[in-house]
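# Analysis of the macromolecular model
So the chains spell out like this:
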Amino acid sequence: MDLKHLQPRRESDAPIYMQLYRRFRDAIAAGKLRPGDRVPSVRSLASELHLARGTVELAYQMLTSEGYFEARGPAGTVVSPRLNSVGEAGRAALSKPPSKPAQRPQAASDEPMPFQFGLPALDAFPRKTWTRLAGRSLRVLGAAAMNYPDPAGHEPLRRAIATYLGISRGIACSYEQVFITAGYRGALELICRTVLHSGDVGWHEDPGYLYIRDFLQRSGMRLAPIPVDEEGLNVEIGRRRAADARFAVVTPTHQCPTGVALSLPRRLELLKWAQQRRAWIIEDDYDSEFRYHGRPLPALKSLDRDERVLYTSTFSKVLFPGLRLGYLVAPEAHIGRFRSAANHLSGPGSVWPQATVAEFMAQGHFTRHLRKMRSLYAQRRDYLVDALAQVFGAGLHIAATQAGGTHVLGMLHGRRSDRDFAAAAQSRGLAIQALSHWRMRRSGPEGVLMGFANIPGAEEAVALTRRLMEATRAA
Ligand SMILES: Cc1ncc(COP(=O)(O)O)c(C=O)c1O
């Protein structure tokens, strides 16, 4: 590589070390520098480009700490051979660390935003029962509510979850394996601090859950985008592109955001890969309770004979996201490691909401609520799908395979840009999200994500959809 290409511009606003860091990163993404290539020593590059050694050193330190470079002491510095395992497409994606954190659209009032993604029906939550149980839990807890809580979570809730998973998700686990976390992120934080290391490569469904991609990248993980098709994550492509990955994050029951289920052959293939490579599968079972046709699919974890699956779920969809409670099922052999990592993290917070959820489950309200929400969401989904067909006709298509969850993915026809469509909708207060934003690769079909759980009736669905049509007419 011609070192002149690395020459920073003095007139640029960006600091010299940052320009140098970016030039190297871009050269790796463009394939001008390949994994294993030697890079010049700090001293020779500084002298070649007439820069201070400290400046070059700083850029090299950043590249090394982010996993682009590997320092080999007296043998010099090379482009990290570990980048080989993410393949061409992966390297291009790795070259784009998140610039701005992905943020959920924020409502201006307490009401949910129209079409808001990921929100359960707030109007249908049994608040009176909840308030009564919250009061009761506080009384029963007594002084225990004032002491330092167990960082692994409140034991009665861990027991209630273990029982629920056995009955509803086909997962046989003890309560000691269940760790209560601050939502899905809390579960991932625990995983990152226990079995993963900064710089580890992981398969990420593409398109996949936007907010977690951001979180993992900021935690130092290198994500290799693996395409999703009508059978879910394409394991064969994963094996070709990044066979040596240390982990894979998957949403097998209801792929987020496409809604497809991971087929049984793919499930078995994925488990086989993890077993052969000693890799971890992070199963995100975020909304499996909501499936409107056919029987609920068992969790991938229920097929896991080799303890390679780290099962996670959340109360954000089945209760409400303001709770910030999720959980992780750790492999039996690693309970001790997870427990000691949990001791050093902030954990799931106060014991009071955990005790309230435990009570809610123990008294049968949880099962009742889920049953009600399943039929309510099936109805609300129909309201939206019918309204979209009426207002947009063939301009927006919803695949039948997505019959589950709390959102639909509408594919845009013609040459419409989903980003323009979503931006126009958002400028009118409609929380539509663009599919391309959830994808790591540059190209792919254009579509939009729409939450339906808070659309109360057919009339409201038509009125909202007309507003959407108005807002996006020119987009
Ligand atoms: C794919 C997916 N995973 C997990 C979650 C839950 O995340 P949290 O527990 O942080 O609310 C969501 C919420 O929208 C989601 O869409």
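Not measured: the values here are computed from a predicted model.

## Observations regarding the site of the ligand
Taken together, Arg104, Phe117, Gly183, Tyr184, Tyr209, Cys256, Asp284, Tyr286, Thr314, Ser316, Lys317 and Arg324 make up the full set of residues adjacent to the ligand. Against a free-state accessible area of 400 Å², the protein chains account for coverage of 97% of the ligand. Split into classes, the residues belonging to the shell around the ligand amount to five nonpolar, three polar and four charged.

## Considerations on the packing of helix H14 (residues 418-427) against helix H15 (residues 458-472)
Helix-helix packing is described using two parameters, namely the angle between the two axes and the distance between the axes. Contact geometry for H14 and H15: axes closest at 8 Å, N-to-C directions at 115 degrees. For the element pair H14 / H15, the angle class is roughly perpendicular. You can see that H14 and H15 cross each other, and the crossing is right-handed. On the side of H14, the interface is formed by Phe421, Ala424 and Ala425, while H15 contributes Leu468, Ala471 and Thr472. Looking at the contact of H14 with H15 residue by residue, the class counts come to five nonpolar, one polar and no charged.

## Here we look at the environment of Gly349
Position of Gly349 among the secondary structure elements: in the loop between helix H11 (335-343) and helix H12 (351-362). On the basis of relative accessibility, which here comes to 33%, the residue Gly349 falls in the partly exposed class. When near neighbours in sequence (up to four residues on either side) are disregarded, Gly349 contacts Pro149 and Gln354.

## Examining the sheet that holds strand E1 (residues 38-39)
The strand order E1-E3-E2 describes an open sheet built from three strands, whose pairing is antiparallel. At either margin of the open sheet sits one strand with a lone partner, and together these are E1 and strand E2 (69-71). Looking at chain direction, E1 and strand E3 (residues 77-79) are connected through two bridges and run antiparallel. Across the sheet, residue Val39 finds its bridge partner in E3, namely Thr77.

## Examining the pattern of salt bridges
The tally for this structure, following the rule as stated, stands at 14 salt bridges. Between Arg246 and Asp200 there is a salt bridge whose closest N-O contact spans 3.6 Å. A residue pair is termed long-range when its members are at least 10 positions apart, and Arg246 in the loop between helix H9 (235-242) and strand E8 (247-250) and Asp200 in the loop between helix H7 (183-194) and strand E5 (201-206) qualify at 46 residues. A relative accessible area of 4% places Asp200 in the buried class. Among the salt bridges present, the one from Asp304 reaches Lys301, with a minimum N-O distance of 3.1 Å. For Asp304, a relative accessible area of 10% puts it in the buried group.

Here is what the cut-offs are and how they apply
Counting restarts for each chain: residues are numbered from 1 in the order of the written sequence. Residues qualify for local features only when their pLDDT is at least 70, as the model is predicted, and side-chain atom pairs are given and counted only at 80 or more; totals for whole chains, interfaces and linings, by contrast, use all residues. Note that the side-chain values use all heavy atoms of the structure and ignore hydrogens as well as water. Definition of nearness: a residue and a molecule or strand are near each other if at least one heavy atom of the residue lies within 4 Å of the molecule or strand. Using a 1.4 Å probe, accessible areas were evaluated by the Shrake-Rupley method; residue-level cover was limited to the displayed protein chains. Under the scheme applied here, ten amino acids are nonpolar (Ala, Val, Leu, Ile, Met, Phe, Trp, Tyr, Cys and Pro), four are charged (Asp, Glu, Lys and Arg), and all others, including Gly, are polar. To obtain each axis, a line is fitted to C-alpha atoms, and for helices this fit is confined to the stretch in contact; angles are then taken between N-to-C directions over 0 to 180 degrees. Counting from the N terminus, the helices are DSSP H or I runs at least four residues long and the strands are E runs at least two residues long. Note on terminology: angles under 35 degrees are roughly parallel, angles over 145 are roughly antiparallel, angles of 65 to 115 are roughly perpendicular, and the others are oblique. If you view the pair so one helix is near and one far, a crossing is left-handed when the near helix is turned anticlockwise from the far one by less than a right angle, and right-handed when it is turned clockwise. Only heavy atoms enter the contact rule, under which two residues are in contact if any of them lie within 4.5 Å. Throughout this description, buried means an accessible area under 20% of the type-specific maximum (1.4 Å probe, protein chains only), exposed means over 50%, and partly exposed covers the range between. Strands pair, by our definition, only if DSSP identifies at least two bridges between them. By definition, a salt bridge exists where a carboxyl oxygen of Asp or Glu is found within 4 Å of a side-chain nitrogen of Lys or Arg.

These values are about where atoms sit, not about what they do.
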